[in-house]
Amino acid sequence: GGIVFYVEPCGTKGLVAAAEDQSTGVRWYAGTHGNTQAKGDGPYAGKANTSIIIAAQVSIGDDGDTYAARICNELQITQDGVTYGDWYLPSIAELELMYNNIGQGSTLGNIGAFADDLYWSSSEFFAFFAWVFAFVNGGATSSLDRNLTLRVRAVRAF
């Protein structure tokens, strides 16, 4: 359902990135600032973060417009007759793995076709900011205001 960018040493599980961006500009939050507690980082942390973000945004205040975690959570990709619907917004560490293994930092070249731009992670910094990963300049990370519109690339575990 996408491009494998990380495989565990056992060789039987890992992470897949969607083959293209799900958005070229969407906000991180659902319209109301507040702590979501989506603080997980590392491989596979984005899945829990995405669930936490969606649940928290419902309770904090969801204005009905789309946002990064919702786009990933609702994504359905069908490939070779199989539909994959378990996508999520990656953690900052998962974005770094994408950059290094299938992005601009990869020895294979940018086979993930990532834009030279900023991508949202699911890792919250605090109530008004979330971590972003810059595919434009060697993968620098920073935190930005969650109302900015940035790129989104979904991932899933296998």
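For the structure itself, consult the block above.
Residues numbered from 1 in each chain as written. Predicted model: local features only at pLDDT ≥ 70, side-chain atom pairs only at ≥ 80, totals over all residues. Heavy atoms only, no water.

**Focus: the overall build of the chain**
Regarding its fold elements, the chain presents 3 helices and 10 strands. When the helices and strands of the chain are read in sequence order from the N terminus, they spell out β-β-β-α-α-β-β-α-β-β-β-β-β. Against the 2.2 N^0.38 benchmark of 15 Å for 158 residues, the chain shows a C-alpha radius of gyration of 15 Å, consistent with a compact globule. Overall size of the chain, expressed as C-alpha extent along the three principal axes, is 40 × 35 × 25 Å. Taken over 158 residues, the chain has a buried fraction of 47%. Long-range contacts, defined here as pairs at least 24 residues apart, represent 66% of the contacts in the chain between residues at least 6 apart. Per element, the accessible surface of the chain, about 6,900 Å² overall, is 52% carbon and sulfur. Side-chain charges in the chain split into 9 positive and 16 negative, and the spacing between the mean points of these groups amounts to 4 Å. (Helix = DSSP H or I, 4+ residues; strand = E, 2+ residues; numbered from the N terminus. Rg over C-alpha atoms; globule rule 2.2 N^0.38 Å. Buried < 20%, exposed > 50% of the residue type's maximum accessible area, 1.4 Å probe, protein only. Contact = heavy atoms within 4.5 Å. Areas by Shrake-Rupley, 256 points an atom, 1.4 Å probe, with all protein chains shown as cover. Lys, Arg positive; Asp, Glu negative; His and termini not counted. Charge placed at Lys NZ, Arg CZ, Asp CG, Glu CD.)

**Some words on the pattern of salt bridges**
Counted according to the given criterion, the structure contains 8 salt bridges. Between arginine 70 and aspartate 62 there is a salt bridge, and its shortest N-O distance comes to 2.2 Å. Assessed through its relative accessible area of 17%, arginine 70 is described here as buried. The residue arginine 151 makes a salt bridge to aspartate 117 at a minimum N-O spacing of 3.2 Å. Of the two residues, arginine 151 sits in strand 9 (residues 150-152) while aspartate 117 sits in the loop between helix 3 (92-102) and strand 6 (118-126), which places them 34 residues apart along the sequence. Here aspartate 117 falls in the partly exposed class, since its relative accessible area comes to 30%. (Salt bridge = Lys/Arg side-chain N within 4 Å of Asp/Glu carboxyl O.)

**Points about helix 3**
Burial analysis of helix 3 places 8 of its 11 residues in the buried class, the great majority of the element. When helix 3 is considered as a whole, its buried residues turn out to be Ile92, Ala93, Glu94, Leu95, Leu97, Met98, Tyr99 and Ile102.

**A look at the pairing of strand 8 (residues 141-145)**
Summarising the sheet, strand 7 (residues 129-134) and strand 8 pair through 5 bridges and their orientation is antiparallel. Within strand 8, the position partnered with phenylalanine 129 by the bridge is aspartate 145. The antiparallel hairpin formed by strand 7 and strand 8 contains 6 residues in its connecting segment, where glycine 138 sits at a positive phi of about 90°. (Pairing = 2+ DSSP bridges.)

**Quick word on a nonpolar patch on the surface**
On the surface, Val4, Val7 and Phe158 cluster together into a nonpolar patch covering about 240 Å² of accessible area. Its place among the elements puts valine 4 in strand 1 (residues 3-7). (Patch = residues over 30% accessible without salt bridge, like charges linked within 9 Å, V, L, I, M, F, W, Y side chains within 5 Å.)

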